[in-house]
Amino acid sequence: MVKIAPSILSADFANLGKEIKALEKAGADMIHIDVMDGNFVPNLTLGAGIIKAIRNYTKLPFDVHLMVQNPDKMIPWFAEAGADIITVHAEACIHLDKTLSTIREYGLKAGVSLNPSTDEDCLKYVLDKLDLILIMTVNPGFGGQNFIESQLQKISKIKEMTEDKEILIEVDGGINPFTAAECTAAGADVLVAGTAVFAGGDYQKNINSLR
Ligand code: DX5
Ligand code: ZN
């Protein structure tokens, strides 16, 4: 069954602990945490201190999506804060192979994310160092944007590339019940959703309709 990773970018930041407990109760499979540096993307969100503060509110895995330039120096911070998966952007890493090894050296799962315009070929030589591939279905930076349909083809291509491997395919941006169905049909294993999970406040109903 497809996994649902609610993005806390759409949560009430004044009550993050409570929000995370509510997401667990509603049936979330992991918590997606969007870290933005105001440099790689035109928005600034939260850092390792906040992740550490919310770590004890749930046992669900923390799926940390680093939308930052040169993430290498930050990997120890997020490992120490309680991340389970750290995903970096291929576009932000000069030595991607090395960065992925570093994430695994901390005992964590390593992910790579691709912006909509990035070709999946850049993954070809790092597949053995990957646990997750995050396909951005919007240009990263903000919640509530429209799904970019051209990414469905990328999902299918990555599904083919990873057929004989244990690599999760995750999608992020503009996911609603309609686009969720398109993504799972193309091969997605994990759906990240902010707007669609938090809309109206019934998280359980929203998560169920994405599945
Ligand atoms: C966008 C973030 C997403 C975002 C998704 O840069 O990586 O995780 O929160 O938001 P929705 O589901 O609203 O498109
Ligand atoms: Zn994200």
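Just so we're clear, the structure is a prediction, and the values are computed from it rather than from any experiment.

> Sorry if this is basic, but what is going on with the coordination of the zinc ion (ligand 2) here?
Ideal geometry at a metal gives 109.5 degrees between four tetrahedral donors and either 90 or 180 degrees between six octahedral ones. Around the zinc ion (ligand 2), the protein supplies His32 (NE2), Asp34 (OD), His65 (ND1) and Asp172 (OD) as donor atoms, at distances of 2.0 to 2.3 Å. Angles of 66 to 166° at the metal separate the six donor atoms of the zinc ion (ligand 2), which places the site in the octahedral class. Read from N- to C-terminus, the donor residues coordinating the zinc ion (ligand 2) fall into the pattern H-x1-D-x30-H-x106-D. Highlighted residues: aspartate 34 in strand β2 (residues 31-36) and histidine 65 in strand β3 (residues 62-67), separated in sequence by 31 residues. The exposure class of aspartate 34 is buried, given its relative accessible area of 6%. Histidine 65 gets classed as buried once you look at its relative accessible area, which sits at 1%.

> How should I be thinking about the side chain of threonine 58 in this particular structure?
Assignment of secondary structure puts threonine 58 in the loop between α2 (48-54) and β3. Engagement of the side chain of threonine 58 in a polar contact is seen with the side chain of glutamate 24, the distance being 2.7 Å. Other than its neighbours up to four places away in sequence, threonine 58 contacts Ile20, Glu24 and Ile31.

> Teacher, can you tell me more about the packing of aromatic side chains here?
The relative placement of two aromatic rings is captured by the distance of their centres and the angle of their planes. Scanning the entire structure with this criterion turns up one aromatic pair. With a centroid separation of 4.9 Å and an interplanar angle of 65°, the aromatic rings of phenylalanine 198 and tyrosine 203 are classed as edge-to-face. When sorted by exposure, phenylalanine 198 lands in the same class as tyrosine 203, which is buried. Sitting over the face of the ring of phenylalanine 62, arginine 55 holds its NZ or CZ atom 3.8 Å from the ring centroid.

> Could you clarify how one ought to interpret the packing of helix α5 (residues 151-161) against helix α6 (residues 177-186) in this entry?
Helix packing geometry: the angle between the two helix axes and the distance between the axes. With their axes 8 Å apart at the nearest point, α5 and α6 run at an angle of 30° to one another. For the element pair α5 / α6, the angle class is roughly parallel. α5 and α6 meet at a crossing whose hand is right-handed. Facing Leu152, Ile155, Ser156 and Lys159 of α5, the residues of α6 in contact are Glu182, Cys183 and Ala186. Among the residues making up the contact of α5 with α6, the classes are represented as four nonpolar, one polar and two charged.

> Quick question: what am I supposed to make of the sheet that holds β2 here?
Through backbone hydrogen bonds, the strands of a sheet pair up, either in parallel or in antiparallel fashion. Ordered by their spatial adjacency, eight strands build an open sheet running β1-β8-β7-β6-β5-β4-β3-β2, and the pairing between neighbours is parallel. Two strands lie at the open edges of the sheet, namely β1 (3-6) and β2, each paired on one side alone. When strand polarity is set aside, the average angle formed by the axes of neighbouring strands in this sheet is 25°. Relative to β3, β2 is paired through six bridges, and the arrangement is parallel. Each residue of the ladder has a partner; that of methionine 36, found in β3, is methionine 67. Against the sheet, α5 touches β5 (109-114), β6 (132-136) and β7 (168-172), its axis set at about 165° to β6.

What counts and how
Residues numbered from 1 in each chain as written. Chains lettered and ligands numbered in written order. Predicted model: local features only at pLDDT ≥ 70, side-chain atom pairs only at ≥ 80, totals over all residues. Heavy atoms only, no water. Donors = N, O, S within 2.8 Å, 3.2 Å for Na, K, Ca; no water. Tetrahedral: all angles 85-135°; square planar, octahedral: opposite > 155°, others 65-115°. Helix = DSSP H or I, 4+ residues; strand = E, 2+ residues; numbered from the N terminus. Buried < 20%, exposed > 50% of the residue type's maximum accessible area, 1.4 Å probe, protein only. Polar contact = N/O pair within 3.5 Å; in protein donor to acceptor, adjacent residues only side chain to side chain. Contact = heavy atoms within 4.5 Å. Phe/Tyr/Trp six-rings, centres within 6.5 Å; stacked < 30°, edge-to-face > 60°. Lys NZ or Arg CZ within 6 Å of the ring centre and 35° of its normal. Axes fitted to C-alpha atoms, helices over the stretch in contact; angles between N-to-C directions. Parallel < 35°, antiparallel > 145°, perpendicular 65-115°, else oblique. Left-handed = near helix turned anticlockwise from the far one by under 90°. Nonpolar A, V, L, I, M, F, W, Y, C, P; charged D, E, K, R; others polar. Pairing = 2+ DSSP bridges.

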